[in-house]
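# Breakdown of the fold
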Amino acid sequence: TRQSWRVLVLYNLFVAAATQVFINQKLAIGKGLIIHNFSGVVIDAESAGDNLTVNQGVTIGSGWRGDGRPFIGNNVFIGAGAKVLGPVQVGDNVVVAANALVIDSVPDNCTVVGIPARVISRQATSNYLRLGAAAKKTGAPQPIIGNSL
């Protein structure tokens, strides 16, 4: 009803103001979302897989032209201040370094850095990637890891 819609909008505004975190209500998000240091986090992706970890100042959403929203894979770590913008695909087992700007798709099992983001490793070089890739091969549940980079 119209009344419940208004209550939901007011509730979301309150939560966003209190936590400085905005997550699109229509976002299809997997289990295991971790947000470190609630401050200035915007998650407005098309979809997000399991075990997404984001740090403060992260923006995931449409580009300045409003041309689409990102698809985020499973077991993804996005560092502080990073931006993932536009209709890009971020693969499984990916680390996006702090302050990186992702405007092109990122393949599976990569680490990206820089503005614009570029791949610096195509191997599971961090514990985060290594454990996620191993779990995927064996069919075990994907790990939920905090700051283990």
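In this text, all values refer to a predicted model and were calculated from it rather than measured experimentally. (Residues numbered from 1 in each chain as written. Predicted model: local features only at pLDDT ≥ 70, side-chain atom pairs only at ≥ 80, totals over all residues. Heavy atoms only, no water.)

### Brief notes about the overall build of the protein chain
Operational definition: Where helices and strands are cited, they refer to DSSP runs of H or I of at least four residues and of E of at least two residues respectively, numbered from the N terminus. Only protein chains enter the calculation, and the probe is 1.4 Å; a residue is then buried if its accessible area is under 20% of its type maximum, exposed if over 50%, and partly exposed in between. The contact definition used throughout considers only heavy atoms, calling two residues in contact when any of these lie within 4.5 Å. Areas reported here follow the Shrake-Rupley algorithm with a probe of radius 1.4 Å; residue values treat only the protein chains shown as occluding.
Scanning the protein chain for helices and strands turns up two helices and 15 strands. Buried positions account for 38% of the 149 residues belonging to the protein chain. Taking contacts inside the protein chain between residues at least 6 apart in sequence as the whole, the part at least 24 apart equals 25%. With the model as given, the accessible surface of the protein chain reaches about 8,100 Å², and the carbon-plus-sulfur share is 58%.

### Thoughts on the sheet that holds strand β8 (residues 71-72)
We count it as follows: Strand pairing is assigned whenever DSSP identifies at least 2 bridges connecting the two strands.
Within the open sheet, the four strands sit side by side as β2-β5-β8-β11. Their pairing is parallel. At either margin of the open sheet sits one strand with a lone partner, and together these are β2 (28-29) and β11 (89-90). Where β8 lies against β11, two bridges are found, and the strand directions are parallel. When the bridges of β11 are listed, Phe71 appears paired with Gln89.

### With respect to the layout of surface pockets
Inclusion rule: Two kinds of site are reported from a 1 Å grid over the protein atoms alone, namely cavities, where a 1.4 Å probe fits but cannot get out, and pockets, open sets with protein on both sides within 12 Å along at least five of seven lines, and residues are called lining when an atom falls within 4 Å of a point. Grid points are joined across faces, edges and corners, and a volume is the space filled by probe spheres set on the points. Asp, Glu, Lys and Arg are counted as charged, while Ala, Val, Leu, Ile, Met, Phe, Trp, Tyr, Cys and Pro are counted as nonpolar; the rest, among them Gly, fall into the polar class.
Of the pockets and cavities examined, the largest pocket occupies roughly 180 Å³. Going through the elements one at a time, α1 (2-19) and β1 (21-23) are the ones with two or more residues in the lining of the largest pocket. For the lining of the largest pocket, the leading source of residues is α1, giving five residues. Of the residues belonging to the lining of the largest pocket, the class tally is seven nonpolar, two polar and no charged.

### Digging into the confidence of the model for the protein chain
Put simply, the rule reads: Each residue carries a pLDDT score, the predictor's confidence in it, ranging from 0 to 100.
When the pLDDT values of the protein chain are averaged, the result is 82; 82% of them are 70 or greater. Contacts for the low-pLDDT stretch residues 143-149, under 50 throughout, to residues beyond four places or in other chains number 24 contacts.

### Notes on a nonpolar patch on the surface
Rules: Patches here: salt-bridge-free residues with over 30% relative accessible area, like charges joined within 9 Å, nonpolar side chains (Val, Leu, Ile, Met, Phe, Trp, Tyr) joined within 5 Å. Whenever a carboxyl oxygen of Asp or Glu lies within 4 Å of a side-chain nitrogen of Lys or Arg, that contact is scored as a salt bridge.
Taken together, Ile23, Ile29 and Leu33 make up a surface patch of nonpolar side chains, about 200 Å² in accessible area. Residue placement: Ile29 occurs in strand β2.

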